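# Fold and contact review
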Amino acid sequence: MMNLLMERPFQAFAVPHNLAMLVTLMIAVVLTAYARSVPGEGKLKVIRYVMGSLLLIAVALDPILTFVRYGVGAHGREMVMDNSLPFYLCDVVSIFLAFALFTRNQRLAEIGYLWGLAGTLQGLIMPTLWFDHGELEFYIFFLQHGGAPVAAVFLAWGLGIVPEKGAMVRAVFWSLGYIAVVMSINAIIGENYGFLNGKPDAETFFDYMGPWPNYLITLQLIAYTLYFCLLKIAPKKRA
C-alpha cells in the first residue's frame, strides 16, 4: 500500500478536484432551491430515494472496486481489509444520510447534518484519495464525499428536517460512540479505520493537529466547535 501511496496520481486542488467541488456546490444549491419551491412530496420523494440509493451504492462499490482492481485472492482481501470496509466516518454518515433520506427520520438527519458538514466536507476538500480522474474510483469517491454534504444540506435547508433541542449533546455522544466502536474494531482486525490509530499517509488536516494520540483530542475539540457553529446557522423548524 505504501508504494501505491508514493505513486499517488491524485493532486489536491488540481482542475479535476476543483471541478468536483464546484459540481458538488452547484448540485447542493439547485436541489435545495428546488425542494423549497416545490409543494408536496411527489417529485421530492423520487429525489430522496435516488440520492439515498446513490450514497449506498457509493459505499458498497468501494470494496467491490478494490476486488476488481486487486483480485479476489489474498492481496485483494488484504486491500479490502486495509481500506474498504465501511468503518470510516464518511461511510457511516453516508449510510445514516441515506436512511434519513428514505425515512425522513429527524435523528438520522440531525447527526447526518453535523457529521456530513463537519466531517465528510473536510474529506471533500482534502481527500485521502490516490486515484485521479481517469479511474472510476475517483468518481465513486466524490459521489460519496460530495453526496453526503449535498444530502445534509438538502435535508436541513430543502426539506426542513432540522436539528432539535439537545442536538449538541446527542452529537457528542454519537461521536464518542463512533470512536469507541471503531477503535475496538481496529484493535480486533489490526487496521486504522477512521484514522483513530494513526494519521493517513496522504496530506490532510490531521497534519496540523499534533502527533497521535494528541490529535484525537484536537480533532474532537474542532469537531465540537464545528457542531456548535453548524447548529447556530442551521435553519429553524418550519411552522
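The preceding data block contains the structure.
As a starting point, this report considers the structure included with it. (Residues numbered from 1 in each chain as written. Predicted model: local features only at pLDDT ≥ 70, side-chain atom pairs only at ≥ 80, totals over all residues. Heavy atoms only, no water.)

## Points about the layout of surface pockets
Estimated volume of the second largest pocket: approximately 400 Å³. When grouped by side-chain class, the residues that make up the lining of the second largest pocket number 15 nonpolar, three polar and no charged. (1 Å grid on protein atoms, 1.4 Å probe; cavity = no way out; pocket = protein on both sides within 12 Å on 5 of 7 lines; lining within 4 Å. Points joined across faces, edges and corners; volume = space filled by probe spheres on them. Nonpolar A, V, L, I, M, F, W, Y, C, P; charged D, E, K, R; others polar.)

## Section: the nonpolar core
Among soluble globular proteins, nonpolar side chains are generally buried collectively. Of all hydrophobic cores here, the largest spans 51 residues; its most connected members are Met51, Leu97, Trp115, Phe154, Leu155 and Tyr227. When contributions to this core are tallied by element, the ones reaching two or more residues are helix H2 (15–37), helix H3 (42–70), helix H5 (89–103), helix H6 (106–125), helix H7 (136–158), helix H8 (167–189) and helix H9 (214–233). Counting 10 residues, the second largest nonpolar core, distinct from the first, contains Leu124, Leu129, Trp130 and Phe141. (Core = buried A, V, L, I, M, F, W, Y, C linked by side-chain atoms within 4.5 Å. Buried < 20%, exposed > 50% of the residue type's maximum accessible area, 1.4 Å probe, protein only. Helix = DSSP H or I, 4+ residues; strand = E, 2+ residues; numbered from the N terminus.)

## Thoughts on H8
With 23 residues, H8 should cover 33 Å at 1.5 Å per step; its first-to-last C-alpha distance of 32 Å lies within 8% of that length. Among all positions in H8, only Ala167, Ala171, Ser175, Tyr178, Ile179, Val182 and Asn186 are buried. Considering only its buried residues, H8 is in contact with H5, H6 and H9. Just downstream of H8, Gly190 is the residue with a positive phi angle, here 70 degrees. (Expected span 1.5 Å × (residues − 1). Contact = heavy atoms within 4.5 Å.)

## A word on the packing of aromatic side chains
Summed over the entire model, instances satisfying the criterion amount to 17 aromatic pairs. Taking the centre distance of 5.9 Å and the plane angle of 15 degrees together, the rings of Phe96 and Trp115 count as stacked. Here Trp115 lies in helix H6 and Phe96 lies in helix H5, a separation of 19 residues in the sequence. A relative accessible area of 19% means that Phe96 is categorised as buried. Ring geometry for Trp115 against Tyr178: centres 6.1 Å apart, planes inclined by 65 degrees, an arrangement best described as edge-to-face. Of this pair, Trp115 sits in helix H6 while Tyr178 sits in helix H8, placing them 63 residues apart in sequence. Members of the aromatic cluster, joined through ring pairs, are Phe10, Phe138, Tyr139, Phe141 and Phe142. (Phe/Tyr/Trp six-rings, centres within 6.5 Å; stacked < 30°, edge-to-face > 60°.)

## Re the packing of H5 against H7
Viewed as axis vectors pointing N to C, H5 and H7 meet at an angle of 40 degrees, and their least axial separation amounts to 10 Å. Comparing the axis directions of H5 and H7 gives the class oblique. For H5 against H7, the interelement crossing comes out left-handed. Contact residues: H5 offers Cys90, Asp91, Ser94, Leu97, Ala100 and Leu101, while H7 offers Gln144, His145, Ala148, Ala151, Ala152, Phe154 and Leu155. A per-class count over the contact of H5 with H7 returns nine nonpolar, three polar and one charged. (Axes fitted to C-alpha atoms, helices over the stretch in contact; angles between N-to-C directions. Parallel < 35°, antiparallel > 145°, perpendicular 65-115°, else oblique. Left-handed = near helix turned anticlockwise from the far one by under 90°.)

## Digging into the pattern of salt bridges
In total, this model carries five salt bridges according to the counting rule given. Note that Glu110 is salt-bridged to Arg170, the shortest N-O span being 2.8 Å. In this pair, Glu110 sits in helix H6 while Arg170 sits in helix H8, placing the two residues 60 residues apart along the sequence. Take Glu110: its relative accessible area is 2%, and that puts it in the buried class. Linking Lys237 and Glu164 is a salt bridge whose minimum nitrogen-to-oxygen distance equals 3.6 Å. You can see Lys237 sitting in the segment after H9 and its partner Glu164 sitting in the loop between H7 and H8, a full 73 residues away along the chain. The exposure class assigned to Lys237 is exposed, which follows from its relative accessible area of 61%. The class for Glu164 is partly exposed, based on a relative accessible area of 33%. Because the salt bridges share partners, they merge into one network encompassing Arg69, Glu135 and Glu137. (Salt bridge = Lys/Arg side-chain N within 4 Å of Asp/Glu carboxyl O.)

Remember, this is a structural readout, not a statement about activity or role.
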